[in-house]
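# Observations on the three-dimensional arrangement
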Protein chains: 2
Amino acid sequence: MSLIVQKFGGSSVADAEKLFNVAGRITDTYKEGNSVVVVVSAQGDTTDDLIEKAAEINENASKREMDMLLSTGEQITISLLAMAIEKLGYPVISLTGWQVGMKTDSHYSEARIHKVDAERIRMELDKKRIVIVAGFQGINKYDDITTLGRGGSDTTAVALAAALKADLCEIYTDVDGVYTADPRIVKDARKLEEVSYDEMLELASLGANVLHNRSVEMAKKYNVNMSVRSSFSKVEGTKVMEVVKMEKMLVKGVARDNDVARIALVGLVDTPGIAFKVFSVLAKGNINVDIILQSIGRDNTKDISFTVAEKHLEKALEILNDNKEAIGFAEIKHTDNVSKVSIVGSGMVNNPGVAATMFEALFEAGINIKMISTSEIKVSVLIDEKDSERAVSVIHDKFFKNM
Amino acid sequence: MSLIVQKFGGSSVADAEKLFNVAGRITDTYKEGNSVVVVVSAQGDTTDDLIEKAAEINENASKREMDMLLSTGEQITISLLAMAIEKLGYPVISLTGWQVGMKTDSHYSEARIHKVDAERIRMELDKKRIVIVAGFQGINKYDDITTLGRGGSDTTAVALAAALKADLCEIYTDVDGVYTADPRIVKDARKLEEVSYDEMLELASLGANVLHNRSVEMAKKYNVNMSVRSSFSKVEGTKVMEVVKMEKMLVKGVARDNDVARIALVGLVDTPGIAFKVFSVLAKGNINVDIILQSIGRDNTKDISFTVAEKHLEKALEILNDNKEAIGFAEIKHTDNVSKVSIVGSGMVNNPGVAATMFEALFEAGINIKMISTSEIKVSVLIDEKDSERAVSVIHDKFFKNM
């Protein structure tokens, strides 16, 4: 008898047939004697359709009204899913974000959860009902509807699991777990049984695209046991938890991120505080800098290279040019034809051989490394974008082929 | 500087173009210095589409979940209309039923309003915002979403007008007022400038199809000044109010109702309390009886004829047959090929000539009257359904032709 939170994404609930498939998964869990809370997203393309409807009327609609509009998508799903479960003959109730006390701040379209007053859900669980909750939405202190932004329904599920002290938070998706590499690139990619929160965070931010970082961060903070698994098969998924058992696999996965641009400032006057100047003006512009490389240039000058998200490239160049005199550099170079390829694994920090193995694989394949960055649980390299798929393959082969 | 509540139905907000038309009407009123609260229904066929979606999944879905589903229709309209008004450059905010404190009982799908906590709306009006409210919906004491049933948005508008002590409640529709007869039947039908609550109630229940009775009853109870007018023209509509100024027109309108069936119980034993027996079993079955005629039959027996709504005919026959012995009658006859045609007007009770004029018109047209019923402000006759359009025409001619 456990309390289980299950989250199903938009493609898992897209039509009547899929809703009944999901209803079956839910009632199977319920029949085993568990208390079940379910979080769902809007069906299929509903959110995009609503955005289009709004754009027809006002391309600059206020975010408050957009949230009022978009939150209807999940409300439709919860009622239809509840009807499917009623049809199967089980007690069920659907609840919106405001009904479950999902309290957020007032950043419409990307609100953050402040707290969850889960009293209503507990009352419904006491009545032995399956509880279906609208993901992605909450209310602020003015009683206005907010939405949580990308990956919002995952975050809703983890927040409810934390508030209810659930035994497990299952994230159902269209893949059956977290893999050692993107199976579309590496056909030998293996599914991981377990992965730690920190590893998952690195994998998510590196482009593995399975779970959104906000949900994993919240799971880590409240120690929520998560599981990533498929809506369409009964195969066991991947567990995401605090401490994973020691395995032979030091490296958990190889990830690739193409949304990267490199900027190089050439001919900086070599005075103390120069790096501070560069990165503080970028930080004021809300631009996150990732890998940083500082090198000695000619004639007592320095060069500084760093990466930013592709979408921030233009703004970063503008800010740097506006501050050219204050910073004092000769020239800016930039490119967005680069990719970041990374290996992630908790044991890495105590095994210097891991990074060397990665570099060896790239050397053997004739792939040039432009920048390197390491942390306790990952090693990232910046390479030409055209080499990135091949890089993921050869690195994956090197670590996993003979295991 | 008045406080005006405006209500727009589903056909008035069906697409982007119509939403901008409505937005124009609203901002015109606002520009004149008025405080404006707007109530809207779901767009066009949205409600029917949602009902169909539900039926695909569960034809016997609980009413609670149906209300959860259907209430999204109005929520979509309020956000889109607010976006259109934002586009025109006016301050605006949309609010759902629960946000405006529309408190109802728990009769899902046909909830009745208990009270309105209009504090939020007052706060928004103080900020000089146009307030757009979702019609048709409320919440019960458990914080669950309810819907108000047919004509629900009209009722929402009148309830808000009453709670806010609004100066006027304008109901925008696809006709430009209340007419002396259905203009599709009688091409000379005239638009009324004013009509009293009681007259409007009779006209609505007699099939004039302009306003729903619940909204008129509520307007009468709280003395809300209503006005029925067109979304698509600037023509003045019809005022609905407590006391209308004396006019030459004793008769305000001719209405027809085809949703009528007649039942006759023949050969009832003539004992006291027989009528009580008949109508109490029907009342227990929740069947409303309209016109009643009692006549002397053969051999010391009685006949009782009465009308019910067509949709209740089958159930009424079943109940009567089940109680045949207890009531004691020889035979049941019934037909649904009948119509009720009525004239309505407040001054009628003091002018016995009015009913005679109506009967004269029918006599001249060779239309046979099966039953007659009168009240202070109306005279109704039951006739063959096939004669009903002609009856409306000749009666209308008689009263209005030479005015």
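Summarised in this report is the structure supplied together with it. Just so we're clear, the structure is a prediction, and the values are computed from it rather than from any experiment.

The rules behind these values
Residues numbered from 1 in each chain as written. Chains lettered and ligands numbered in written order. Predicted model: local features only at pLDDT ≥ 70, side-chain atom pairs only at ≥ 80, totals over all residues. Axes fitted to C-alpha atoms, helices over the stretch in contact; angles between N-to-C directions. Helix = DSSP H or I, 4+ residues; strand = E, 2+ residues; numbered from the N terminus. Parallel < 35°, antiparallel > 145°, perpendicular 65-115°, else oblique. Contact = placed C-beta atoms within 7 Å. Nonpolar A, V, L, I, M, F, W, Y, C, P; charged D, E, K, R; others polar. Pairing = 2+ DSSP bridges. Buried ≥ 20, exposed ≤ 12 C-beta atoms within 10 Å, placed from the backbone. Core = buried A, V, L, I, M, F, W, Y, C linked by C-beta atoms within 7 Å.

With that out of the way, let us pick up the packing of helix H6 (residues 197-208) of chain B against helix H7 (residues 213-222) of chain B. Residue and element names in this part refer to chain B. It is at 9 Å that the axes of H6 and H7 come closest, and there the two elements cross at 170°. By the angle class used here, H6 and H7 are roughly antiparallel. Taken together, the residues of H7 that come into contact with H6 (itself represented by Tyr197, Met200, Leu201, Ala204 and Ser205) are Asn213, Val216, Glu217, Ala219 and Lys220. Across the contact of H6 with H7, the residue classes break down as 6 nonpolar, 2 polar and 2 charged.

Residue and element names in this part refer to chain A. Pairing in this open sheet of 8 strands is mixed, and the strands run E3-E6-E2-E1-E9-E11-E12-E10 from one edge to the other. Pairing within the sheet leaves two strands with one partner each, and these edge strands are strand E3 (92-95) and strand E10 (194-196). Here the average twist between neighbouring strands, direction ignored, is 20°. Bridge count for strand E11 (residues 226-230) against strand E12 (residues 238-241) is 3 bridges, and the pairing is antiparallel. If you follow Ser227 over to E12, its bridge partner there is Lys239. Across the sheet, helix H3 (residues 63-87) is in contact with strand E2 (35-40), E3 and strand E6 (130-134); its angle to E6 comes to roughly 160°.

Moving on, we come to the pairing of strand E6 (residues 130-134) of chain B. Residues and elements named next belong to chain B. The buried fraction of E6 amounts to 5 of the 5 residues, a majority that puts the element mostly inside the structure. Of the two faces of E6, the one lined by Ile130, Ile132 and Ala134 and the one lined by Val131 and Val133 are each fully buried. Here strand E2 (residues 35-40) runs beside E6; their pairing, made up of 4 bridges, is parallel. Its bridge partner lying in E6, Val39 is registered against Val133. Bridge analysis of strand E3 (residues 92-95) against E6 gives 4 bridges, and the strand direction is parallel.

On the side of chain B, 26 residues touch chain A, which itself brings 26 residues to the contact. Those elements that provide at least two residues to the side of chain A that touches chain B are helix H1 (16-31), helix H2 (46-57) and H3 of chain A. No other element matches H3(A), which puts 14 residues into the side of chain A that touches chain B. Tallied by class, the residues present in the side of chain A that touches chain B amount to 13 nonpolar, 7 polar and 6 charged.

A separate point is the nonpolar core. In terms of nonpolar packing, the biggest core is built from 230 residues, with A:Leu81, A:Leu160, B:Leu81 and B:Leu160 touching the most fellow members. Ignoring any residue separated from it by four or fewer positions in sequence, one finds A:Leu81 in contact with A:Val13, A:Leu19, A:Val22, A:Ala23, A:Val40 and A:Ile132.

Looking now at the sheet that holds E3(B). Residue and element names in this part refer to chain B. Pairing is mixed across the open sheet formed by 8 strands, whose spatial order is E3-E6-E2-E1-E9-E11-E12-E10. Of all the strands in the sheet, the pair left with one neighbour each is E3 and strand E10 (194-196). Between one strand axis and the next, the sheet turns by 20° as a mean value, whatever way the strands run. As paired strands, strand E1 (residues 3-8) and strand E9 (residues 168-173) are joined by 5 bridges and run parallel to one another. Residue pairing in the sheet places Gln6 in a bridge with Glu170 of E9.

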